[in-house]
Amino acid sequence: MRSLVAHIEINQAWCKGCQICVEICSRGVLGYATDVSDKGFRPIIVEKIEDCTGCIMCELMCPDLAITVEKVEK
Ligand code: SF4
Ligand code: SF4
């Protein structure tokens, strides 16, 4: 049987570390990189993809279009 799971791409060059996506995700999927980017931000990373429902709220709320959520075959 075909099974879909969420996959998240984060364009760290576009991310300004504003935290909106981390706050909006009720599943605690997203977190912060330990390193600071060239622009002085701590970009977002995916910490718990297994808990992602694929609701795309983070993608919709990111003001910099830095997140893309897809459903892919397992
Ligand atoms: S909402 Fe967008 S710009 Fe803000 S921290 Fe998340 S990915 Fe980065
Ligand atoms: S798609 Fe939904 S559950 Fe997954 S990281 Fe974004 S806000 Fe969280």
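You'll find the structure just up there.
Computed from a prediction, not measured in an experiment: that's the story for all the values here.

Reading guide: rules and limits
Residues numbered from 1 in each chain as written. Chains lettered and ligands numbered in written order. Predicted model: local features only at pLDDT ≥ 70, side-chain atom pairs only at ≥ 80, totals over all residues. Heavy atoms only, no water. Helix = DSSP H or I, 4+ residues; strand = E, 2+ residues; numbered from the N terminus. Rg over C-alpha atoms; globule rule 2.2 N^0.38 Å. Buried < 20%, exposed > 50% of the residue type's maximum accessible area, 1.4 Å probe, protein only. Contact = heavy atoms within 4.5 Å. Lys, Arg positive; Asp, Glu negative; His and termini not counted. Charge placed at Lys NZ, Arg CZ, Asp CG, Glu CD. Near = heavy atom within 4 Å. Nonpolar A, V, L, I, M, F, W, Y, C, P; charged D, E, K, R; others polar. 1 Å grid on protein atoms, 1.4 Å probe; cavity = no way out; pocket = protein on both sides within 12 Å on 5 of 7 lines; lining within 4 Å. Points joined across faces, edges and corners; volume = space filled by probe spheres on them. Patch = residues over 30% accessible without salt bridge, like charges linked within 9 Å, V, L, I, M, F, W, Y side chains within 5 Å. Areas by Shrake-Rupley, 256 points an atom, 1.4 Å probe, with all protein chains shown as cover. Salt bridge = Lys/Arg side-chain N within 4 Å of Asp/Glu carboxyl O.

A.B. asks: Got a minute to help me understand the overall build of the chain in this structure?
C.D. replies: Along the backbone of the chain there are two helices and four strands. Sequence-ordered secondary structure for the chain, helices as α and strands as β, is β-α-β-β-α-β. For the chain, whose C-alpha radius of gyration is 12 Å, the value lies close to the compact-globule estimate of 11 Å for 74 residues. On the principal axes, the C-alpha backbone points of the chain span a range of 45 × 20 × 20 Å. In the chain, which comprises 74 residues, the proportion classed as buried is 27%. When contacts within the chain are restricted to residue pairs at least 6 apart in sequence, long-range pairs at least 24 apart make up 57% of them. Of the side chains in the chain, 8 bear a positive and 11 a negative charge, and the two mean positions are spaced by 5 Å.

A.B. asks: When you look at unusual backbone geometry in this model, what are you seeing that I'm missing?
C.D. replies: Trans peptide bonds make up most of the peptide bonds, and negative phi angles are found at most residues other than glycine. Even without a glycine there, the phi angle at Ile 56 is positive, about 60°. Along the chain, Ile 56 turns up in the loop between β3 (44-46) and α2 (57-61). The class of Ile 56 is partly exposed, set by a relative accessible area of 31%.

A.B. asks: Honestly, the site of ligand 2 in this entry has me stumped. Any pointers?
C.D. replies: Near ligand 2 you find Ile 8, Cys 25, Arg 27, Val 29, Cys 52, Thr 53, Gly 54, Cys 55, Ile 56, Cys 58 and Val 69, and these make up its full shell. Classifying every residue of the shell around ligand 2 by side-chain character gives eight nonpolar, two polar and one charged.

A.B. asks: I'm lost on the site of ligand 1 in this one. Help?
C.D. replies: With respect to spatial proximity, 13 residues lie near ligand 1, and among them Cys 15, Cys 18, Cys 21, Ile 44 and Cys 62 are the closest. Looking at the shell around ligand 1, its residues break down into nine nonpolar, two polar and two charged.

A.B. asks: Help me understand empty space enclosed by the protein in this model?
C.D. replies: For the structure on display, the rule yields one cavity of 30 Å³ or more. If you add up the space inside the largest cavity, you get close to 80 Å³. Forming the boundary of the largest cavity are 13 residues, of which Cys 15, Cys 18, Cys 21, Cys 62 and Ala 66 lie nearest the centre. Here the lining of the largest cavity is built from residues that sort into ten nonpolar, one polar and two charged.

A.B. asks: Just checking my understanding: could you explain a nonpolar patch on the surface for this structure?
C.D. replies: A surface patch of nonpolar side chains, about 470 Å² in accessible area, is lined by Ile 20, Ile 24, Ile 56, Met 57, Leu 60 and Met 61. Those elements giving two or more residues to the nonpolar patch turn out to be α1 (20-24) and α2. At three residues, α2 tops the list of elements feeding residues into the nonpolar patch.

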